[in-house]
Amino acid sequence: MSKKDYYEILGVQKNSSKDELKKAFHKLAHKYHPDKNKGDDKMFKEVNEAYQVLSDDQKRAQYDQFGADGPNFGGGQGGFNQSGFGGFDFSGFQGQQGFDMGDLGDIFSDFFGGQARGGTSQRRGRDMSTEITIAFADSIFGTTRKILLTKTSACVTCHGSGAKEGAKQVTCSACNGKGQIRETRRSILGTFATTKLCEVCNGVGTVPSEMCQTCKGAGVKRREEEIEIKIPAGIENGEMIRMTGLGEAVKHGIAGDLYIKINISNHAVFHREGQNLYMDLEVKLSEAILGGERTIETLDGKVGMKIPEGIASGTQLRIREHGVPSSRGKRGDLIVKVIVKIPTKLSRKAKEAIETLREEGN
């Protein structure tokens, strides 16, 4: 049986919430991102696979019951694994007597009704990843960005069919319209018939009578494509956005996904902690003692704020609902930390006033 443990891959408990799964995914996707110096493409794909299963309630319930060998996770009927069958390990026969041990999966698939490796499953294009940098304010309120990517996309002339406009579809001569080619192979158990995907028609069973001149019948062509990215309000630095079907395309298959890592520029005034924004505000000594009114330039515009009398340096004042929007529609707060500026030079009159305060015990 498959040894994959999706919970272990994400580093979470089996009773973890969707939010915990999402946080774990973002952390690991950032760590293993292929574009990083120490990225790991294999682990990045495993983390993505685990998250796609566990974040879907139906798939998660099936995985919890059957594990990664369930019917929807590639285990096949009977849960066959090439490393063993019925408790017997055939790996010791590798390379002996001309047997192709790499085809045992195909052989036993015929026995148990599973799909042969390289069979008729729909092909899928390669996933892609990129990253963009956005302004701090755009990360708070959300924005839309357009990027240009050079990738393999469906041919704009034939829309992925590979056929010349008006050309008819004819039966594939290589597979006689079956979409599969049957082969006879020898193994340690005898001679077996196996099937593989027809490489001429890609399993469709038909081919165009005339090929598209733009893509030469490939159905796909490498070109520059403009992608519009909708960035949600409140996105965090390093978070990944997944755009389904915008990865690389394949003929008669489904396109891969596009992953965009979001980098956020630092702001000169504000920084973020959770759903709250923080800033420092310098006030004069006289203002700290006597109090006053201040106009604060927030990300939403100007807001009036009262400075209480006798405020101490380091005191935090709160401006409600001027922070980061949450997925529930509520906003965090803006926390203003007051920094009392002590003058380095005083006039004679100011010194006398301070002396008076000291005499009064202040």
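Look a little higher up for the structure.
Definitions and limits used
- Residues numbered from 1 in each chain as written.
- Predicted model: local features only at pLDDT ≥ 70, side-chain atom pairs only at ≥ 80, totals over all residues.
- Heavy atoms only, no water.
- Phe/Tyr/Trp six-rings, centres within 6.5 Å; stacked < 30°, edge-to-face > 60°.
- Helix = DSSP H or I, 4+ residues; strand = E, 2+ residues; numbered from the N terminus.
- Buried < 20%, exposed > 50% of the residue type's maximum accessible area, 1.4 Å probe, protein only.
- Core = buried A, V, L, I, M, F, W, Y, C linked by side-chain atoms within 4.5 Å.
- Contact = heavy atoms within 4.5 Å.
- Pairing = 2+ DSSP bridges.
- Axes fitted to C-alpha atoms, helices over the stretch in contact; angles between N-to-C directions.

Draft legend 1. Quick peek at the packing of aromatic side chains. Applying the stated criterion to the full structure yields four aromatic pairs. Aromatic side chains Phe 25 and Tyr 51 sit 4.3 Å apart centroid to centroid with 5° between the ring planes, which places their arrangement in the stacked category. Here Tyr 51 lies in helix H3 (residues 41–54) and Phe 25 lies in helix H2 (residues 18–32), a separation of 26 residues in the sequence. A single burial state applies to Phe 25 and to Tyr 51, both of which are buried. Between Phe 44 and Tyr 259, the aromatic rings sit 5.7 Å apart at their centres with planes inclined by 80°, giving edge-to-face as the arrangement. With Phe 44 in helix H3 and Tyr 259 in strand E11 (residues 258–264), the pair connects residues that are 215 residues apart, well separated along the chain. Note on Tyr 259: relative accessible area 1%, which makes it buried.

Draft legend 2. Representation of unusual backbone geometry within the structure. A positive phi angle, near 55°, is found at His 252, a position not held by glycine. Here His 252 lies in the loop between strand E9 (240–243) and strand E10 (253–254). In this structure, Glu 321 takes a positive phi of about 55° despite not being glycine.

Draft legend 3. Highlighting the nonpolar core. Within the largest apolar cluster, 35 residues are counted, with the highest numbers of intra-cluster contacts made by Ile 132, Ile 229, Ile 231, Ile 262, Met 305 and Leu 334. In contact with Ile 231, other than residues within four places in its own chain, are Ile 132, Ile 134, Gly 142, Thr 143, Arg 145, Ile 241 and Ile 262. Formed by 20 residues, the second largest nonpolar core is a distinct cluster that contains Leu 10, Phe 25, Val 53 and Tyr 63.

Draft legend 4. Highlighting the sheet that holds E11. Across the sheet, which stays open at both edges, the three strands sit in the order E2-E11-E9 with mixed pairing between neighbours. Looking at the sheet topology across the chains shown, the edges are occupied by strand E2 (128–134) and E9. Strand-to-strand twist of the sheet, defined as the mean angle between neighbouring strand axes without regard to direction, takes the value 25°. Pairing analysis gives four bridges linking E9 to E11, with the strands arranged antiparallel. Residue pairing in the sheet places Met 240 in a bridge with Lys 261 of E11.

Treat this as a map of the structure, not an account of what it does.
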